[in-house]
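Letter by letter, the chains look like this.
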Amino acid sequence: MEKPAPLDLAQHEALRSRTLVLVGMMGAGKSSVGRRLAAALNLPFRDADEEIERAAGRSISEIFSERGEAEFRAGERRVISRLLDEPPHVLATGGGAFMNPATREVVARKAFSIWLKADPEVLARRVGRKDTRPLLKGKDARAVLTALLAEREPTYRLADLIVESADAPHQATVEIIIKALKARFEVAS
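Model, not experiment: these values are computed from the prediction. (Residues numbered from 1 in each chain as written. Predicted model: local features only at pLDDT ≥ 70, side-chain atom pairs only at ≥ 80, totals over all residues. Heavy atoms only, no water.)

Visitor: Would you take a moment to explain the pairing of strand S4 (residues 111–117) for this structure?
Guide: Taken residue by residue, a regular strand's side chains alternate between the two faces of the sheet. Where burial is concerned, most of S4 is hidden: six out of the seven residues are buried. Both strand S1 (residues 19–23) and S4 contribute to a ladder of five bridges, which runs parallel. Considered in S4, the bridge of Thr 19 is made with Ala 111. Bridge analysis of S4 against strand S5 (residues 161–164) gives four bridges, and the strand direction is parallel. Paired with Leu 116 across the strands is Val 163, a residue of S5. (Buried < 20%, exposed > 50% of the residue type's maximum accessible area, 1.4 Å probe, protein only. Helix = DSSP H or I, 4+ residues; strand = E, 2+ residues; numbered from the N terminus. Pairing = 2+ DSSP bridges.)

If you want it as structure tokens, here you go:
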């Protein structure tokens, strides 16, 4: 698949001045797509989960097991807020980050959110490749993801842009996002 030409961000100040925040379920491709999107847009890439682990000095799984989900979410909110004070970049967030009203508010105020929407079957296949998801430990991934998606979908729909993260190479999703951004911000190709 041919790599898309980088988007000239200088053509549109609104897009150039805001961080692009990827939201959605675990396994939707936020980190993988985010890295490729950042490269295509000539922007830095940041992963909120990596930043949380760096700040805490431990893994997400360790934070969940030692301190619980509520404390993890509070730290996640602080890290995302700090990252959104930095110059524009592409930011991949954890699956539950956008569910927090305070996090959503800061994202709405300081960034442009993109929901990477994916079918539970696709999500289950993708997350089944790793055993690092605290919410899935010892559970049927498809069942948990289906229930979580049903609960979270109304909130994810509040994102500024919704893009299907199909069961295809991540570069295809990047191209869909770039096309949608160009249309949304009326940037010439």
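Visitor: I tried to follow the sheet that holds S5 on my own but got confused; where do I start?
Guide: Sheets are built from strands that pair by backbone hydrogen bonding, the pairs being arranged parallel or antiparallel. Read across the open sheet, the five strands follow the order S2-S3-S1-S4-S5; overall the sheet is parallel. Among the strands making up the open sheet, the edge pair consists of strand S2 (45–47) and S5. Direction aside, the axes of adjacent strands within the sheet are offset by 25 degrees on average. Each of S1, S2, strand S3 (90–92) and S4 touches helix H2 (residues 30–41); the most contacted strand, S1, lies at about 160 degrees to it. (Axes fitted to C-alpha atoms, helices over the stretch in contact; angles between N-to-C directions. Contact = heavy atoms within 4.5 Å.)

Visitor: I tried to follow the pattern of salt bridges on my own but got confused; where do I start?
Guide: Where charged atoms from two side chains of opposite charge approach closely, those side chains can pair. One pass over the structure, following the stated rule, counts 16 salt bridges. Measuring nitrogen to oxygen at the nearest pair gives 3.1 Å for the salt bridge that ties Glu 51 to Arg 46. Here Glu 51 falls in the buried class, since its relative accessible area comes to 8%. A salt bridge links Glu 76 to Arg 73; its shortest N-O distance comes to 3.0 Å. Pair noted here: Glu 76 and Arg 73 are both in helix H5 (residues 69–83), with a separation of three residues, about one helical turn. Taking relative accessible area as the criterion, Glu 76 reaches 2% and is therefore assigned buried. Note on Arg 73: relative accessible area 14%, which makes it buried. Put simply, Arg 46, Glu 51, Arg 54, Arg 82 and Glu 86 are held in one network by salt bridges that share partners. (Salt bridge = Lys/Arg side-chain N within 4 Å of Asp/Glu carboxyl O.)

Visitor: How should the packing of helix H4 (residues 60–67) against H5 be read in this particular structure?
Guide: The angle between the axes and the distance between the axes are what describe a pair of packed helices. Where H4 meets H5, the closest approach of the two axes is 7 Å, and the angle between their N-to-C directions is 130 degrees. Between H4 and H5, the crossing angle belongs to the class labelled oblique. Contacts between H4 and H5 involve Ile 60, Ile 63, Phe 64 and Arg 67 from the first element and Glu 69, Glu 71, Phe 72 and Arg 73 from the second. Its residues assigned to classes, the contact of H4 with H5 shows four nonpolar, no polar and four charged. (Parallel < 35°, antiparallel > 145°, perpendicular 65-115°, else oblique. Nonpolar A, V, L, I, M, F, W, Y, C, P; charged D, E, K, R; others polar.)

Visitor: Explanation requested: the packing of aromatic side chains in the structure shown.
Guide: By convention here, two paired aromatic rings are described through the distance between centres and the angle between planes. Tallying each qualifying case throughout the model produces two aromatic pairs. Taken together, a centroid distance of 4.9 Å and an interplanar angle of 45 degrees make the contact between Phe 64 and Phe 72 tilted. By the burial criterion, Phe 64 is buried, and Phe 72 matches it. Seen from their ring centres, Trp 115 and Tyr 156 are 5.5 Å apart, and the 35 degrees between their planes marks the pair as tilted. Here Trp 115, found in strand S4, pairs with Tyr 156, found in helix H8 (residues 141–156); they are 41 residues apart in sequence, far enough to count as distant. Classification of Trp 115 as buried rests on a relative accessible area of 1%. Owing to a relative accessible area of 0%, Tyr 156 belongs among the buried residues under this scheme. (Phe/Tyr/Trp six-rings, centres within 6.5 Å; stacked < 30°, edge-to-face > 60°.)

No statement about biological role is implied by the geometric values presented.
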